[in-house]
Amino acid sequence: MLLRLDIGDTRPLHEQVAGAIRRAIAEGECGPGDRLPPARDLSRALGVNTNTVLRGLRTLRDEGVLEFRRGRGITVATGADHRSELLDRARQLISDAARAGYSRADLIEMIRGIS
């Protein structure tokens, strides 16, 4: 799995790490059940602190994209490829709505009106 961070990106590094892993999953570089490299190895490869990588990994765990298993390491969760893609689309929708002047609450009301 080849991950890269954009130096010009203004988002916090842990969000960039989570985004890079999400992208790798969505693009099929790793799939459900695949083990990720240890956080130390990822931090060295990305040139960031190990705690930054761990924070990004915990974010993905909380989203249901990754599973942490003692003795087995960190693996991609079942269905993570679809979930990761959907989360990216949702984030993009929120970003587009904000640029258009809509709040998250406005967006939620729009979505509720659709169903």
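The following refers to the structure shown. (Residues numbered from 1 in each chain as written. Predicted model: local features only at pLDDT ≥ 70, side-chain atom pairs only at ≥ 80, totals over all residues. Heavy atoms only, no water.)

1. Describing helix α1 (residues 13-26)
The end-to-end C-alpha separation of α1 is 20 Å, in line with the 20 Å expected for 14 residues at 1.5 Å each. By the criterion of burial, α1 is predominantly enclosed, with 10 of the 14 residues buried. Listing the buried residues of α1 in full gives H14, Q16, V17, A18, G19, A20, I21, R22, A24 and I25. Just beyond α1, the residue with positive phi is G28, at close to 85°. (Helix = DSSP H or I, 4+ residues; strand = E, 2+ residues; numbered from the N terminus. Expected span 1.5 Å × (residues − 1). Buried < 20%, exposed > 50% of the residue type's maximum accessible area, 1.4 Å probe, protein only.)

2. Thoughts on the pairing of strand β1 (residues 66-69)
Summarising the sheet, β1 and strand β2 (residues 73-76) pair through 4 bridges and their orientation is antiparallel. Of the residues in β2, the one forming a bridge with E67 is T75. Linking β1 back to β2 in an antiparallel pair, the connection comprises 3 residues, with G71 at a positive phi of about 85°. (Pairing = 2+ DSSP bridges.)

3. Considerations on helix α3 (residues 50-62)
Taking 1.5 Å per residue, 13 residues should reach 18 Å; α3 reaches 18 Å between its end C-alpha atoms and fits that length. Three or more residues of α3 are buried, namely T52, V53, G56, L57 and L60. Seen from one end, α3 has its buried residues packed into an arc of 135°, which puts them on one side. In α3, the exposed positions that point more than 90 degrees away from the buried face belong to N51 and D62. On its buried face, α3 sits against α1, α2 (39-46), β1 and β2. Regarding α3, its N-cap is N49, as a side-chain oxygen of that residue lies 2.7 Å from the backbone nitrogen of N51 further along. Just downstream of α3, G64 is the residue with a positive phi angle, here 85°. (Arc of directions from axis to C-beta. Contact = heavy atoms within 4.5 Å. Polar contact = N/O pair within 3.5 Å; in protein donor to acceptor, adjacent residues only side chain to side chain.)

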